[in-house]
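What follows is each chain in one-letter form.
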Amino acid sequence: MTFKHFFSTFKSFNYFFCFFCLQFKLFTISWIFAPFWIDAHPDHTAATELVEASRFWSKLTKTDLPGTPYHPERIFYYYCIHLKQIPQPAWIMDISSTWKKKAQAITAYHSQFFEGKENMDPPLVERWREEAATWGKAIGVHYGEPFASKEPLGLRDLTGLI
């Protein structure tokens, strides 16, 4: 199967698919972060499918895709806030030292997260802070962020565990 044949079946993804494949190859990216594969927003799940397909195609040798074949090691999935389920993460990152910067970054996107939600109680950033505190409590720190993985994670030893 040629790259062009594959493209013809996914015309809306053509540009981004090619872009991601080339980025994976050019920068030899080890870890990719994508939205969790189950989500209420179809654009989020489509983005995940695009990333997964790009990861697969970037390793193939018998295509007309430019560049040296390369396969990123892992895809880690972050949870979007719209899920109506409680995630079962593969791991939780301690974000205690960066929570304030994350909250500032979120508030910078006022039109995305706050317009039309002025009467939300508690406010959106406070909800996210509470979620981060819950995940942090699960690992014994102030704030945490959960991630999923479809592939098993390996450890060289237990010294990195919290």
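In what follows, the structure referred to is the one given above.
Cut-off values and rules
Residues numbered from 1 in each chain as written. Predicted model: local features only at pLDDT ≥ 70, side-chain atom pairs only at ≥ 80, totals over all residues. Heavy atoms only, no water. Helix = DSSP H or I, 4+ residues; strand = E, 2+ residues; numbered from the N terminus. Expected span 1.5 Å × (residues − 1). Buried < 20%, exposed > 50% of the residue type's maximum accessible area, 1.4 Å probe, protein only. Arc of directions from axis to C-beta. Contact = heavy atoms within 4.5 Å. Pairing = 2+ DSSP bridges. Axes fitted to C-alpha atoms, helices over the stretch in contact; angles between N-to-C directions. Salt bridge = Lys/Arg side-chain N within 4 Å of Asp/Glu carboxyl O. Parallel < 35°, antiparallel > 145°, perpendicular 65-115°, else oblique. Left-handed = near helix turned anticlockwise from the far one by under 90°. Nonpolar A, V, L, I, M, F, W, Y, C, P; charged D, E, K, R; others polar.

Draft legend 1. Highlighting helix α6 (residues 124–139). With 16 residues, α6 extends 23 Å from end C-alpha to end C-alpha; this agrees with the ideal 22 Å at 1.5 Å per step. Here α6 has its buried residues at L124, V125, W128, A132, W135 and G136. Along the long axis of α6, the arc covered by the buried residues comes to 110 degrees, so they all point the same way. Away from its buried face, by an angle of more than 90 degrees, α6 presents the exposed residues T134, K137 and A138. Lining the buried residues of α6 we find β3 (91–94), α4 (99–108), α5 (110–113) and β4 (144–148). One or two residues past the end of α6 sits G140, with phi positive at roughly 80 degrees.

Draft legend 2. Main features of the sheet that holds strand β2 (residues 74–78). Pairing is mixed across the open sheet formed by four strands, whose spatial order is β1-β2-β4-β3. Each end of this open sheet is capped by a strand with a single partner; those strands are β1 (31–35) and β3. Averaged over all pairs of adjacent strands, the angle between strand axes in this sheet comes to 40 degrees, irrespective of strand direction. As paired elements, β2 and β4 share two bridges and run antiparallel to each other. What sits directly across from Y78, in β4, is F147.

Draft legend 3. Region of the structure containing the pattern of salt bridges. Taken as a whole and judged by the stated rule, the model has five salt bridges. Across the pair E151 and R55 runs a salt bridge whose closest N-O atoms are separated by 3.2 Å. You can see E151 sitting in the segment after β4 and its partner R55 sitting in helix α3 (residues 42–58), a full 96 residues away along the chain. Classification of E151 as partly exposed rests on a relative accessible area of 28%.

Draft legend 4. Geometry of the environment of L50. Tracing the backbone shows L50 in helix α3. Between the alpha carbons of L50 and F20 there is a distance of 8.5 Å; along the sequence they are 30 residues apart.

Draft legend 5. Layout of the packing of α4 against α6. At their nearest, the axes of α4 and α6 sit 11 Å apart, and the two run at 150 degrees to each other. Judged by the angle between their axes, α4 and α6 are roughly antiparallel. Our pair here, α4 against α6, has a crossing hand that is right-handed. For the pair α4 and α6, contact is made by W99, A103, I106 and T107 and by V125, W128, R129 and A132, respectively. The residue makeup of the contact of α4 with α6, split by class, is six nonpolar, one polar and one charged.

Draft legend 6. A look at α4. Taken together, the buried positions of α4 are occupied by W99, A103 and I106. Along the long axis of α4, the arc covered by the buried residues comes to 60 degrees, so they all point the same way. Of the residues in α4, the exposed ones pointing more than 90 degrees away from the buried face are K100, K101, Q104 and A108. At its buried positions, α4 is contacted by α5 and α6.

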